[in-house]
Amino acid sequence: MPAISDLLTPRDEVREGRFQGVLQAHKASGDDDRLETDPSRLLTATYPSNALRNIFDRVGAKLDGRDSQGGVMLTGPYGAGKSHGLLVLYHMFNSPGVAQSWVDEWEIPVDLPDDSDAVIVSTSETDADLIWEPVYRSAGREDVLEEIDRYPTTEHVEALAEDGTFSVFFDEIETWWESFSEDADRDLLERNRFFFQNLLEVANDPNEDLFTFITLLDRSDRLKEILDRTNPHGEDLNATGDRERIIIHRLFQGTPDDLDEASVRSVVHQYVDSYDYPIEIDEPKRYENRMIETYPFHPELLNLLDSIYEAARERQNVRGVMNVLADTVREVYDETGLIVTADVNPRAFRGINRTLFDRFTSDKQVVSESEYSTDLLQVILLYTLDERSQMASTTQCLLGRFKPDETTVDRLHMTLEDLYGTAHYLDEQDGSYFITEDPKLTALVSREQDRILEEDRTQATGMIVDVVRDDVFGGEVYVYGHDEIPDERDQTFVVTLENKANGSLTSDLGDFFEERRYQNTVQFVTPKQRVTEDEEIIHKAARVLGAENLRGKIDDEQGELEPLIRDERRQLRNELEERYGKWVKWSG
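A few points on the structure. For every chain, the first residue of its written sequence is number 1, and the numbers climb from 1 along that sequence. In view of the model being predicted, local features appear only for residues whose pLDDT reaches at least 70, and side-chain atom pairs are presented and counted only at 80 or more, with totals across whole chains, interfaces and linings using the full set of residues. Hydrogens and waters are ignored; side-chain quantities use all the structure's heavy atoms.

Brief notes about the overall build of the protein
Put simply, the rule is: Strands here mean DSSP runs of E at least two residues long; helices mean DSSP runs of H or I at least four residues long; both are numbered from the N terminus. Our radius of gyration looks at C-alpha atoms and nothing else; its globule reference is 2.2 Å times the residue count to the power 0.38. Accessible area is worked out with a 1.4 Å probe on protein chains only. A residue is then buried under 20% of its type maximum, exposed over 50%, and partly exposed in between. Computed with a 1.4 Å probe, the accessible areas rest on the Shrake-Rupley method; for each residue, only the protein chains presented here act as cover. Charge convention: Lys and Arg are scored as positive, Asp and Glu as negative, and His as well as the terminal groups of each chain are ignored. A single reference atom marks each charge: NZ on Lys, CZ on Arg, CG on Asp, CD on Glu.
Helix and strand counts for the protein stand at 25 helices and 11 strands. Taken over C-alpha atoms, the radius of gyration comes to 36 Å for the protein, far larger than the 25 Å a tight globule of 588 residues would show. For the protein, the spread of C-alpha atoms along the three principal axes comes to 120 × 60 × 40 Å. Buried positions account for 52% of the 588 residues belonging to the protein. Just so you have it, the protein exposes about 27800 Å², and 39% of that area is on carbon and sulfur atoms. In the protein, which carries 63 positive and 124 negative side-chain charges, the distance between the mean positions of the two groups comes to 7 Å.

The structure is reproduced here in structure tokens:
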């Protein structure tokens, strides 16, 4: 199977570990070697999403006279790509030559003016009381600024575009606006309000070549009410519908047309063709086509990351997903044919829920020697962090780790089932798995008990031998078939674990006595009921052993484990005592 590097080439910044996931609008006019300052690099790394194409269409409509509206609001949560989109639009007007080549390459029908100019204002850089002041200064129009009295009139605003098409860009404006007090800053709020109203009115004038672009989180109803007066076009960048293409294009060179689809289909087919029970996939052919669309990422991984970051605090969405995937691509693109959930480094998610991450780390140490267990546990962690599902189905677990050139579905499924009995903070519900922050101690014991019964029941027999010898008979007997019984003159008591008729017992013990020198000093004690053949006794013994196995492996700040071990062992002893009757020690 070809590696990703045989079919796709990551961008230099991805391969070199300097991927710039956060773009800052106020850096656009700086001198630093950043993506924001280089229109050619920025546009090359930009996929013209549905949302951007909608905005380009609005810009084109204003430029060719089909529509008068030049006000555009870019909305969406943190990380949705608003600043990136704003920077693309800024360079369309600030570097129209470079931008025109890019839109032509992508067959976007818009003719950009040669005489355009633009200014960009970000409130992460400026804390102006009067927001128009940095606009006019950046535009080099201090002459107009000196004429302004209380606020810019429409005439003052029109002056910005008197020499050609002009665009004003505002980023992160809501935080600045909400910093004003309704009472103490009433005058400043009024003056800024009139500026925004006049700015957007001029932008909506068919005779004026002025554009205004503003990014919004939709967090300020006061500001939104002002901006909506002229009914500017609003575009939700979070609802673009093609975020996967945005991500892939941002991380890899070229365009979708450059990809060898036949080779990709060959890789994907090997995966889908191997998806056997218990993996459940509806319409495998459609699923295969979906995997081709998201190559080199498995669609389940993209869906999961999207869901995690959309639900997380201060949602990061596309930005968060790209940062994680950039690191993953750099680490594995030359080693694997497809990136699945298990390829992602879980350390990137510590900040979402540190407790769950710590539980995962603890269990990882317990299962580290088991093949594929750590990877499966990692997949389960990520699904547990997803607030929508909070658990991973068996199918999701297997899809998150399976690679046809490394293992089989059956083998991976067996590892998953064994994992449940080994990892202390792993829980299961109706065939789905999740990592729990604070599992009940009894649940952990039950899990260890099940693992012992499945893997090696002889361990439970060993526990029965110990309890019979040491607890029931106080350490003064030997257990037949398990202990070495001395051949000596002193009285020796031997306990059997089997309940047999006298004739059968005599036959079994014949060989034992045959070569013994002191035959008359041995006394045998037999149970009234079966012991090692009794499933109830075996299960109780496995439970005691399971509890003891947890020593040193779990956090037990409350000191609950040792009392539980004593209680479980006492119950087993009581059950065994009933099978042997009372042990009377005579002392004269």
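Observations regarding helix 4 (residues 82–94)
As a reminder, the rule being used: Here a helix's expected span is defined as the number of its residues, less one, multiplied by 1.5 Å.
The end-to-end C-alpha distance of helix 4, which contains 13 residues, comes to 18 Å, matching closely the 18 Å that a straight helix rising 1.5 Å per residue would cover. With 12 of 13 residues buried, helix 4 lies mostly within the body of the structure. Looking only at helix 4, the buried set comprises Lys 82, Ser 83, His 84, Gly 85, Leu 86, Leu 87, Val 88, Leu 89, Tyr 90, His 91, Met 92 and Phe 93.

Describing the packing of helix 4 against helix 5 (residues 96–105)
Short version of the rule: Think of each axis as a best-fit line through the C-alpha atoms, taken over the contacting stretch in the case of a helix, with angles from 0 to 180 degrees between the N-to-C directions. Contacts between residues were defined by any pair of non-hydrogen atoms, one from each residue, lying within 4.5 Å. We call Asp, Glu, Lys and Arg charged. Ala, Val, Leu, Ile, Met, Phe, Trp, Tyr, Cys and Pro are nonpolar, and the rest, Gly among them, are polar.
Packing of helix 4 against helix 5 brings their axes to within 6 Å, and their N-to-C directions diverge by 115°. Contacts between helix 4 and helix 5 pair Val 88, His 91, Met 92, Phe 93 and Asn 94 from the former with Pro 96, Ala 99, Trp 102 and Val 103 from the latter. For the contact of helix 4 with helix 5, the class distribution of residues is seven nonpolar, two polar and no charged.

A short note on the sheet that holds strand 8 (residues 432–435)
What counts is decided by this rule: At least two bridges found by DSSP between two strands are what make those strands a pair.
Taken in spatial order, the three strands of this open sheet run 6-8-7, and their pairing is antiparallel. Taken across any chain shown, the strands that pair with only one partner, and hence form the sheet edges, are strand 6 (392–393) and strand 7 (426–429). With two bridges connecting them, strand 6 and strand 8 associate as antiparallel partners. The partner of Ala 392 across the bridge, within strand 8, is Tyr 433. In this fold helix 18 (residues 373–385) packs onto strand 6, strand 7 and strand 8, with an angle of close to 80° to the strand it touches most, strand 8.

Points about the packing of aromatic side chains
Here is the rule we go by: Any two rings among Phe, Tyr and Trp, with Trp reduced to its six-membered ring, count as a pair given centres within 6.5 Å; such a pair is stacked if its planes are under 30 degrees apart, edge-to-face if over 60, and tilted if neither. Note on criteria: charge over ring means Lys NZ or Arg CZ within 6 Å of the ring centre, with the direction from the centre no more than 35 degrees off the ring normal.
Enumeration over the complete set of coordinates arrives at 23 aromatic pairs. A centroid spacing of 5.5 Å and a plane angle of 65° characterise the contact between Phe 170 and Phe 196, whose relative ring orientation is edge-to-face. Note that Phe 170 is positioned in strand 3 (residues 166–171) and Phe 196 in helix 10 (residues 186–203), a separation of 26 residues in sequence. Members of the aromatic cluster, each reached through a chain of ring pairs, are Trp 132, Phe 170, Trp 176, Trp 177, Phe 180, Phe 195 and Phe 196. Over the ring of Phe 194 we find Arg 193; its NZ or CZ atom is 4.5 Å from the centre of that ring.

Comments concerning the pattern of salt bridges
We count it as follows: We define a salt bridge as a side-chain nitrogen of Lys or Arg found within 4 Å of a carboxyl oxygen belonging to Asp or Glu.
Under the criterion given, the structure shown has 43 salt bridges. As a salt-bridge pair, Glu 535 and Arg 457 come within 2.5 Å of each other at their nearest N and O atoms. Of this pair, Glu 535 sits in helix 24 (residues 535–549) while Arg 457 sits in the loop between helix 21 (441–455) and helix 22 (458–472), and the two are 78 residues apart along the sequence. Here the salt bridges do not stand alone but share partners, grouping Glu 261, Arg 265, Lys 285 and Glu 288 into one network.

Side note on the nonpolar core
Note on soluble globular proteins: their nonpolar side chains tend to be buried together. To keep things clear, this is the line we draw: To qualify as a nonpolar core, a set must consist of buried Ala, Val, Leu, Ile, Met, Phe, Trp, Tyr and Cys residues joined through side-chain atoms within 4.5 Å.
Core analysis: the largest hydrophobic core is formed by 68 residues, its most contacted members being Leu 251, Tyr 275, Phe 297, Leu 325, Phe 349 and Ile 435. For this core, the element with the most residues is helix 18, which contributes eight residues. With residues up to four places along the chain from it excluded, the contact list for Tyr 275 reads Ile 281, Tyr 287, Met 291, His 298, Leu 399, Phe 402 and Val 409. With 36 residues, the next largest nonpolar core counts Val 157, Ala 159, Leu 189 and Ile 226 among its residues.

Some words on the sheet that holds strand 9 (residues 478–479)
As summarised here, the arrangement of the three strands in space is 9-10-11, forming an open sheet in which the pairing is parallel. In this open sheet, the two strands that pair with only one neighbour each are strand 9 and strand 11 (522–525). Strand direction decides the pairing type here: strand 9 and strand 10 (residues 492–495), joined by two bridges, are parallel. Considered in strand 10, the bridge of Tyr 478 is made with Val 494.

Topic: helix 10
Quick reminder: α-helices carry 3.6 residues per turn. Residues three or four places apart thus point the same way. The terminal C-alpha atoms of helix 10 lie 26 Å apart, and with 18 residues this matches the ideal 26 Å at 1.5 Å per residue to within 8%. Among all positions in helix 10, only Leu 188, Leu 189, Arg 191, Asn 192, Phe 195, Phe 196, Gln 197, Asn 198, Leu 199, Leu 200, Val 202 and Ala 203 are buried.

Points about the side chain of Asn 238
Under the convention used in this document: We call two N or O atoms a polar contact when they sit within 3.5 Å, provided that within protein one can donate a hydrogen and the other can accept it, with sequence-adjacent residues counted only if both atoms are side-chain atoms.
Of note, Asn 238 is situated in the loop between strand 5 (233–236) and helix 12 (243–251). For Asn 238, a relative accessible area of 14% gives the class buried. Within polar-contact distance, the side chain of Asn 238 engages the side chain of Arg 243 at 3.0 Å.

Examining the pairing of strand 10
With four bridges connecting them, strand 10 and strand 11 associate as parallel partners. Across the sheet, Phe 493 pairs through a bridge with Gln 523, a residue of strand 11.

A word on the pairing of strand 2 (residues 117–122)
The element strand 2 is extensively covered by neighbouring structure, given that five of its six residues are classed as buried. Bridging between strand 2 and strand 3 involves six bridges; their strand directions are parallel. Looking across to strand 3, one finds that Ser 122 is bridged to Asp 171.

Some details on a negative patch on the surface
Rule in force here: In this analysis, a patch consists of residues with relative accessible area above 30% that form no salt bridge, clustered at 9 Å for like charges and at 5 Å for the nonpolar side chains Val, Leu, Ile, Met, Phe, Trp and Tyr.
A cluster of acidic residues, Asp 6, Glu 331, Asp 334 and Glu 335, forms a negative patch at the surface. One can find Asp 334 in the loop between helix 16 (317–332) and helix 17 (354–367). Overall, Asp 334 belongs to the exposed group, its relative accessible area being 52%.

By themselves, these are just geometric observations and shouldn't be taken as functional.
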